[in-house]
Amino acid sequence: MCGIVGYIGKSGSLQTLVDGLKRLEYRGYDSAGVVYQNGNGMELYKTKGKLKELQSILPNPVPVVKVGLGHTRWATHGIPSSINAHPHSIDGIAVVHNGIIENYRELKSCLIEEGHEFVSETDSEVVPQLISSYIRKGLSFREAIKAAIARLRGSYALGILSKSNPEMLFAVRKGSPLVVGLGEGDFYFASDIPAILPYTNRFIFMEDGHLCTLTEDGVEICNVDSGITIPVDQKTVEVDWVPAMAEKNGFDHFMLKEIHEQPHAIMDTIGELIENPRGLLENLGISTKTIIDLRKIQIVACGTSYHAAMIGRYIIENLAHIPVDIDIASEYRHRDPIVENGTLFISITQSGETADTLAAQRVAKEKGAWTLTICNVVGSTSTREAHSVLYTRAGPEIGVASTKAFTSQVADVCVLALALGLRRGRLSFREADTFKNLLLKIPGLVEKTLKNESKIKDMARSLIYSHGFLFLGRGLSYPVALEGALKLKEISYMHAEGYPAGEMKHGPIALIEEGLPVVVVVPVDELYEKTLSNIEEVKARGGKVIAVTDEPGCLHGKVDEIIEVPSTHSSLSPFLTVIPLQLLAYYVGVLRGCDVDQPRNLAKSVTVE
Ligand code: AGP
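Just so it is clear, the structure is predicted and the values come from calculations on it, not from any experiment. (Residues numbered from 1 in each chain as written. Predicted model: local features only at pLDDT ≥ 70, side-chain atom pairs only at ≥ 80, totals over all residues. Heavy atoms only, no water.)

Chemist: Quick question: what am I supposed to make of the overall build of the protein chain here?
Modeler: The number of helices and strands found in the protein chain is 20 helices and 25 strands. On C-alpha atoms alone, the protein chain measures out to a radius of gyration of 25 Å, which is about the 25 Å that the 2.2 N^0.38 rule sets for 609 residues. At a minimum sequence separation of 6, the contacts of the protein chain that also span at least 24 residues come to 70%. Accessible area of the protein chain: about 22300 Å², with a carbon and sulfur share of 50%. Of the side-chain charges in the protein chain, 61 are positive and 73 negative, and the distance between the mean point of each set is 1 Å. (Helix = DSSP H or I, 4+ residues; strand = E, 2+ residues; numbered from the N terminus. Rg over C-alpha atoms; globule rule 2.2 N^0.38 Å. Contact = heavy atoms within 4.5 Å. Areas by Shrake-Rupley, 256 points an atom, 1.4 Å probe, with all protein chains shown as cover. Lys, Arg positive; Asp, Glu negative; His and termini not counted. Charge placed at Lys NZ, Arg CZ, Asp CG, Glu CD.)

Here is the structure:
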């Protein structure tokens, strides 16, 4: 999952590309490169390491750039190295690529037989080589691009420029995200909106099979197969994000900023939806017949979004009494799922570009389900392919570890459950109003929960040398425990396991030894007493129990640390109990010197399988 950026125009500089890459670095950061034309020919710089390594080898002062490409890499084929970094260039054709060319070996051997010499281990290098081979056979630059991409299989977002055609730039999309930005006399494309947001908020979200030609005079998009030109003005979307949303604004890391943005993100997400939850389903384009015929809901997601799906199951079954199945997207898509009539399929995805989630959504749609996506990115693939879209309004989430998107997803699920419960007569208006008012209090309670920050930071100091963690919870606290374990794993690289507390005696209790940190999510609910028993079992074996609870009174003397959160309806406790776990992961990661915004081996959006 890499980040690509392209620019053509009259007023650009190399900084335009570098700043774009900086805002895409969360997508991949093991190597980076730029290529550009400045009126005196083509210059290319690339290196292993993060963007700052690239910046150290770039010309100073920053040169004017009339047309250029940039790339920040998350290696799929070929180790992170300068040779394998993008752009890849041959015969004056330079290409940056996000995705995987699945048939690159076959293409590479054909091209080598034609006399082409490869220098990298990457799949991406076949693209400029293929274009060059067609130009050598007499095709124009544009025709050579079309001939080359016709032979590619796999996923790709490509930026392509040619030394001999400095007046144009090409972008192609199939399976990997690509947005085109429309400035005033300057035109851009990038893997994600934040890269271009400082220059424009007018975007075109390219679709699979689209080829975009960019010149100083504007952009033209056509369907590669049919050759039909796509009317640009009909595809232009104004995005209501502002550049500051993609900046740290005084926080040390995006992750911490986004943890603190959660009260606003939740409020913005439920915003106007909560005024009339009963009308939500119609507003989502879900027909009355679909609602009447509704027999089952299937929720599918990955990672943190899957934990939101787990919470969604509890809340929707509780409020709407509809059976809900959940599944990990990479499992669902490959098991040839049975999709009965009357199934509402819900994908939960922050990016809207997660390859497995998209594939699962396509499988369900092909099998006849009505598909609804809960998504945070306007114009992303998931939102364009689903029948209905329920946006989270978290704003751009830059930190690789998802935080505000997670609580916003849970917020959307709560409103959806309300709507379903009302429409199916399982919730009275009074019950719905009560739940609505409790939900509207959540942003304020999250704000209050965040006041635990300094206590958690101090607590983190005593944990940074632990050789492992266990996170436990029952009911709605089980997915919260899983989420806390995932946050800690991905940010601090420490082993952490989330488990249903009721499973302890079925194996995990063997892990308990002197001093092992065990984080127990234990709000007062119908499972509170049972979880207290698990705490006793852990303490009896020397474990170090950190309890996250809204009822500390009963725990004093029984646990080692207590993190108190405000009380709320048991269905809404995850909004509050997850906050200390996010902060704990953040501070353990920071204190261990980890790069919490760009953790090793990870990327923000898993757009490849
Ligand atoms: C969460 O902290 C991770 N970055 C990851 O698990 C993420 O939630 C997962 O990749 C799903 O991404 P999506 O929501 O964009 O589909």
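Chemist: I keep staring at the pairing of strand β22 (residues 496–500) and nothing clicks. Help me out?
Modeler: Both faces of the sheet carry side chains from a regular strand, because those side chains alternate between them. Pairing between strand β21 (residues 469–473) and β22: five bridges, direction parallel. Within β22, the position partnered with Leu-470 by the bridge is Glu-497. (Pairing = 2+ DSSP bridges.)

Chemist: Any chance you could explain the state of the cysteines here in plain terms?
Modeler: Two cysteines, two sulfur atoms, one covalent bond between them: this is a disulfide. Applying the stated criterion to the full structure yields zero disulfides. No disulfide involves Cys-414; its nearest neighbouring cysteine sulfur is the one of Cys-375, lying 18 Å away. (Disulfide = S-S within 2.5 Å.)

Chemist: Please explain the pattern of salt bridges as it appears in this structure.
Modeler: The tally for this structure, following the rule as stated, stands at 26 salt bridges. Across the pair Arg-173 and Asp-208 runs a salt bridge whose closest N-O atoms are separated by 2.6 Å. Taken together, the residues Arg-173 in strand β8 (residues 169–174) and Asp-208 in the loop between β11 (202–205) and β12 (210–215) connect sequence positions 35 residues apart. Taking the relative accessible area as the measure of exposure, Arg-173 reaches 2% and is therefore buried. Between Glu-483 and Lys-487 there is a salt bridge whose closest N-O contact spans 2.6 Å. With Glu-483 and Lys-487 both in helix α18 (residues 477–492) and four residues apart, the pair spans about one turn of that helix. No difference in accessibility class separates Glu-483 from Lys-487, as the two residues are buried. Residues joined in a network through salt bridges with shared partners are Lys-257, Glu-261 and Lys-404. (Salt bridge = Lys/Arg side-chain N within 4 Å of Asp/Glu carboxyl O. Buried < 20%, exposed > 50% of the residue type's maximum accessible area, 1.4 Å probe, protein only.)

Chemist: What am I meant to see in the packing of aromatic side chains here?
Modeler: The geometry of an aromatic ring pair is captured by the separation of the ring centres together with the interplanar angle, meaning the angle of the planes. The full count for this structure, using the stated rule, is eight aromatic pairs. A centroid spacing of 6.4 Å and a plane angle of 35° characterise the contact between Phe-203 and Phe-205, whose relative ring orientation is tilted. With respect to burial, Phe-203 and Phe-205 carry one shared label: buried. Arranged with centres 4.8 Å apart and planes meeting at 80°, the rings of Tyr-586 and Tyr-587 form a pair that is edge-to-face. What makes Tyr-586 buried here is its relative accessible area of 1%. Among the aromatic side chains, those forming a connected cluster through ring pairs are Tyr-7, Tyr-188 and Tyr-199. Above the face of the Tyr-134 ring, Lys-137 is positioned so that its terminal group lies 5.1 Å from the ring centre. Taking the ring centre of Tyr-493 as reference, the NZ or CZ of Arg-600 above it sits at 3.9 Å. (Phe/Tyr/Trp six-rings, centres within 6.5 Å; stacked < 30°, edge-to-face > 60°. Lys NZ or Arg CZ within 6 Å of the ring centre and 35° of its normal.)

Chemist: Whenever I open this one, the packing of helix α15 (residues 404–423) against helix α20 (residues 573–591) confuses me. Can you help?
Modeler: Relative orientation and spacing of two packed helices are given, respectively, by the angle between their axes and the distance between those axes. Close contact between α15 and α20 brings their axes to 11 Å; oriented N to C, the two are set at 170°. Classified by the angle their axes make, α15 and α20 are roughly antiparallel. Along the contact surface, α15 presents Phe-406, Thr-407, Val-410, Ala-411 and Cys-414, while α20 presents Phe-575, Val-578 and Gln-582. Along the lines of polarity and charge, the residues of the contact of α15 with α20 split into six nonpolar, two polar and no charged. (Axes fitted to C-alpha atoms, helices over the stretch in contact; angles between N-to-C directions. Parallel < 35°, antiparallel > 145°, perpendicular 65-115°, else oblique. Nonpolar A, V, L, I, M, F, W, Y, C, P; charged D, E, K, R; others polar.)

Chemist: What is the right way to look at empty space enclosed by the protein in this model?
Modeler: By rolling a water-sized probe across the atoms, one finds the places where empty space is left. Considering all chains together, one arrives at five cavities of 30 Å³ or more under this definition. In this structure, the largest cavity encloses a volume near 190 Å³. Ser-191, Asp-192, Ser-351, Glu-353 and Val-377 are, among the 26 residues lining the largest cavity, the residues nearest its centre. Residue composition of the lining of the largest cavity, by class: 13 nonpolar, six polar and seven charged. (1 Å grid on protein atoms, 1.4 Å probe; cavity = no way out; pocket = protein on both sides within 12 Å on 5 of 7 lines; lining within 4 Å. Points joined across faces, edges and corners; volume = space filled by probe spheres on them.)

Chemist: Any chance you could explain the layout of surface pockets here in plain terms?
Modeler: Put simply, the largest pocket is a space of about 630 Å³. Contributions of two or more residues to the lining of the largest pocket are made by α11 (303–320), β18 (343–349), α13 (355–366) and α18. Here the lining of the largest pocket takes six residues from α18, the largest share from any one element. For the lining of the largest pocket, the per-class residue count stands at 14 nonpolar, 13 polar and seven charged.

Chemist: I'm lost on the site of the ligand in this one. Help?
Modeler: Taken together, 15 residues sit near the ligand, with Ser-305, Gln-350, Ser-351, Thr-354 and Glu-490 positioned nearest. In this structure, an oxygen atom belonging to the ligand sits 2.9 Å away from a side-chain N or O atom of Lys-487. Summarising the interface, the protein chains cover 91% of the accessible area of the ligand, which totals 410 Å² for the free molecule. More than half of the atoms of the ligand fall within 2 Å of the grid points belonging to the largest pocket. Of all the secondary structure elements, the ones that give two or more residues to the shell around the ligand are α11 and α18. Of the residues in the shell around the ligand, the class split is five nonpolar, eight polar and two charged. (Near = heavy atom within 4 Å. Polar contact = N/O pair within 3.5 Å; in protein donor to acceptor, adjacent residues only side chain to side chain. Sits in = over half its atoms within 2 Å of the grid points.)

Chemist: When you look at the environment of Ile-149 in this model, what are you seeing that I'm missing?
Modeler: With respect to the helices and strands, Ile-149 occurs in helix α5 (residues 141–149). On the basis of relative accessibility, which here comes to 6%, the residue Ile-149 falls in the buried class. As a C-alpha pair, Ile-149 and Ile-579 span 430 residues in sequence and 46 Å in three-dimensional space. Non-local contacts of Ile-149, meaning those with residues more than four positions away in its chain, are made with Tyr-156, Leu-158, Val-172 and Val-224.

Chemist: What is the right way to read the sheet that holds strand β4 (residues 67–73) from this model?
Modeler: Judged by pairing direction, the sheet is antiparallel, and its eight strands sit side by side in the order β3-β2-β4-β1-β10-β9-β11-β15 without closing on themselves. The open sheet has two free edges, formed respectively by β3 (42–48) and β15 (236–238), since each of these has just one partner strand. Strand-to-strand, the axes of this sheet are offset by a mean angle of 20°, without reference to chain direction. As paired strands, strand β9 (residues 179–182) and β11 are joined by three bridges and run antiparallel to one another. Following the sheet pairing, Gly-181 is matched in β11 by Phe-203.

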